[in-house]
Amino acid sequence: MASAVSAVDMRVVVIESIPLILGGLCSALEDDGITVAAATHEPLAGMRAVREENPDVVIVDLDLPGRAGIGLLQRMRRRHPGARLIATVSPEHDDDSLLLTALIAGATGYLLKNTETADLLRTVRAVRRGYLTLGPRAGGELSALLVRLAEADGTLPFPALTNREREVLRLVSLGYGNRRIAQELFISEKTVRNYVSAILPKINVSSRLEAIVSARLASLETAYPATGSVGLDPQPQNC
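One structure accompanies this document, and this report is about it. (Residues numbered from 1 in each chain as written. Predicted model: local features only at pLDDT ≥ 70, side-chain atom pairs only at ≥ 80, totals over all residues. Heavy atoms only, no water.)

### Notes on the environment of Gly130
Line of reasoning, step 1. Turning to its location among the elements, Gly130 is positioned in the loop between helix H6 (117-128) and helix H7 (140-150).
Line of reasoning, step 2. Since its relative accessible area comes to 41%, Gly130 is described here as partly exposed. (Helix = DSSP H or I, 4+ residues; strand = E, 2+ residues; numbered from the N terminus. Buried < 20%, exposed > 50% of the residue type's maximum accessible area, 1.4 Å probe, protein only.)

Right, here's the structure in full:
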C-alpha cells in the first residue's frame, strides 16, 4: 500500500546513468504513490526537466561521467532552490570526500545505490519535508553535528575571523585540500595549516570536517569549481 505521507502531491525527477537502476528507482517511487515527473540518464535533459516540471525532489547520480552529477547539484541549487536534492552513488565510489562535496554542492540527501527500497522511500519523504538525510554510512557524529547546526538560531557569520581566515575557510568549505588552498592564495602549505588551526577554535569546532559543515550551512561558499560541457541536450524520457 502506498504511504499517505509520501504520496501527497510529491513529484520527483530522476537523473541516473544506469538504465537498470533508473527503471528500478522509477518503479519503487511509483509503487509508493510518488509521481515520477521525468526520468533521464542525460544531465542537460535532467536540468530541463527540473525547469519545466518544478519537482519537489530531484535524485541525481554522482556516477555521471566527468563529475557532471556534482555540477548538476550546484546549478540546481542556484537556479531551483525550491527543489530538494538527493545524491546517489555506487558503493565502490562512495567516500567521505564525495559526501562532503555533495553537501557543499547542495544535496540534503545522500544514498548508496544498493540502498533498500524502504530506506530510499524514507529518505525521499524526509528530504521533501526539509530534513537532512545522509544514510547510515555518514556516521552518527556528522549527523549529530548537522542537526545541531541546522537548529541553531540564524546564520553563522563567523565574526571572530579575519578576512584572510574567512577566505581560507571558504576554500576549505569547497573541499579544497591544503595544497590547493596554498596555490589559490599564493601562500605555503604550512601557512594554510596554521590558518586552519587558528580558525577551528574561533568558530567553535574541533575538526576540519566540522569546519566544512559549519561553513556549508552558513552558506560561506560563494563560488564553485568550473564544470565542463556535459554533452548534447536530449529529451527526458518517461519510466
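Still more ground to cover, so stick around.
### Some words on the environment of Glu210
Line of reasoning, step 1. Note that Glu210 resides in helix H11 (residues 208-217).
Line of reasoning, step 2. When the C-alpha atoms of Glu210 and Leu200 are compared, they prove to be 8.6 Å apart, with 10 residues separating the residues in sequence.
Line of reasoning, step 3. At a separation of 2.9 Å, a polar atom in the side chain of Glu210 contacts the main-chain amide nitrogen of Ser206. (Polar contact = N/O pair within 3.5 Å; in protein donor to acceptor, adjacent residues only side chain to side chain.)

### Some points on empty space enclosed by the protein
Line of reasoning, step 1. Applying the stated criterion across every chain yields a total of 1 cavity of 30 Å³ or more.
Line of reasoning, step 2. Size it by volume and the largest cavity reaches roughly 40 Å³.
Line of reasoning, step 3. In terms of lining, the largest cavity is formed by Leu169, Val172, Val196, Ile199, Leu200, Arg208 and Ala211.
Line of reasoning, step 4. Secondary structure elements with two or more residues in the lining of the largest cavity: helix H8 (163-173), helix H10 (189-202) and H11.
Line of reasoning, step 5. If you tally residues by element for the lining of the largest cavity, the top one is H10, at 3 residues.
Line of reasoning, step 6. Its residues assigned to classes, the lining of the largest cavity comprises 6 nonpolar, no polar and 1 charged. (1 Å grid on protein atoms, 1.4 Å probe; cavity = no way out; pocket = protein on both sides within 12 Å on 5 of 7 lines; lining within 4 Å. Points joined across faces, edges and corners; volume = space filled by probe spheres on them. Nonpolar A, V, L, I, M, F, W, Y, C, P; charged D, E, K, R; others polar.)

### Things to note about the pattern of salt bridges
Line of reasoning, step 1. Considering all chains together, one arrives at 11 salt bridges under this definition.
Line of reasoning, step 2. Note that Glu53 and Arg11 form a salt bridge whose closest N and O atoms lie 2.4 Å from each other. Here Arg11 lies in strand E1 (residues 11-15) and Glu53 lies in helix H3 (residues 43-53), a separation of 42 residues in the sequence.
Line of reasoning, step 3. Given a relative accessible area of 28%, Glu53 falls into the partly exposed group.
Line of reasoning, step 4. Arg11 gets classed as partly exposed once you look at its relative accessible area, which sits at 27%.
Line of reasoning, step 5. Across the salt bridge formed by Arg170 and Glu167, the nearest N and O atoms sit 3.0 Å from each other. Here Arg170 pairs with Glu167, and both are found in helix H8, just 3 residues apart, close to one helical turn. (Salt bridge = Lys/Arg side-chain N within 4 Å of Asp/Glu carboxyl O.)

### Focus on the packing of helix H9 (residues 178-185) against H10
Line of reasoning, step 1. Axis separation between H9 and H10 bottoms out at 8 Å; the angle between their running directions is 105°. One element, H9, and the other, H10, form an angle in the roughly perpendicular class. The residues of H10 that touch H9, namely those facing Asn178, Arg179, Ile181 and Ala182, are Glu189, Val192, Arg193 and Val196.
Line of reasoning, step 2. Taken together, the residues of the contact of H9 with H10 break down into 4 nonpolar, 1 polar and 3 charged. (Axes fitted to C-alpha atoms, helices over the stretch in contact; angles between N-to-C directions. Parallel < 35°, antiparallel > 145°, perpendicular 65-115°, else oblique. Contact = heavy atoms within 4.5 Å.)

### Some thoughts on the side chain of Asp63
Line of reasoning, step 1. Inspection of the secondary structure puts Asp63 in the loop between strand E3 (57-61) and helix H4 (68-79).
Line of reasoning, step 2. A relative accessible area of 18% means that Asp63 is categorised as buried.
Line of reasoning, step 3. Here the side chain of Asp63 touches Ser90 through a polar contact of 2.5 Å, side chain to side chain.
Line of reasoning, step 4. A distance of 2.9 Å separates the side chain of Asp63 from the side chain of Lys113, its partner in a polar contact.
Line of reasoning, step 5. Beyond its immediate stretch of four places on either side in the chain, Asp63 contacts Ser17, Thr88, Val89, Ser90, His93 and Lys113.

### Thoughts on H8
Line of reasoning, step 1. Those residues of H8 that fall on the buried side of the exposure criterion are Glu165, Val168, Leu169, Arg170, Leu171, Val172 and Ser173.
Line of reasoning, step 2. Positive phi shows up at Gly175, right after H8, with a value of about 90°.

### Things to note about unusual backbone geometry
Line of reasoning, step 1. One non-glycine residue, Asn54, adopts positive backbone phi at about 50°.
Line of reasoning, step 2. Locating Asn54 in the fold gives a position in the loop between H3 and E3.
Line of reasoning, step 3. Given the relative accessible area of 62%, Asn54 is considered exposed.
Line of reasoning, step 4. Unlike most non-glycine residues, Phe186 shows phi in positive territory, near 60°.
Line of reasoning, step 5. Summarising the element assignment, Phe186 is placed in the loop between H9 and H10.
Line of reasoning, step 6. The exposure class assigned to Phe186 is exposed, which follows from its relative accessible area of 77%.

By themselves these figures say nothing about function.
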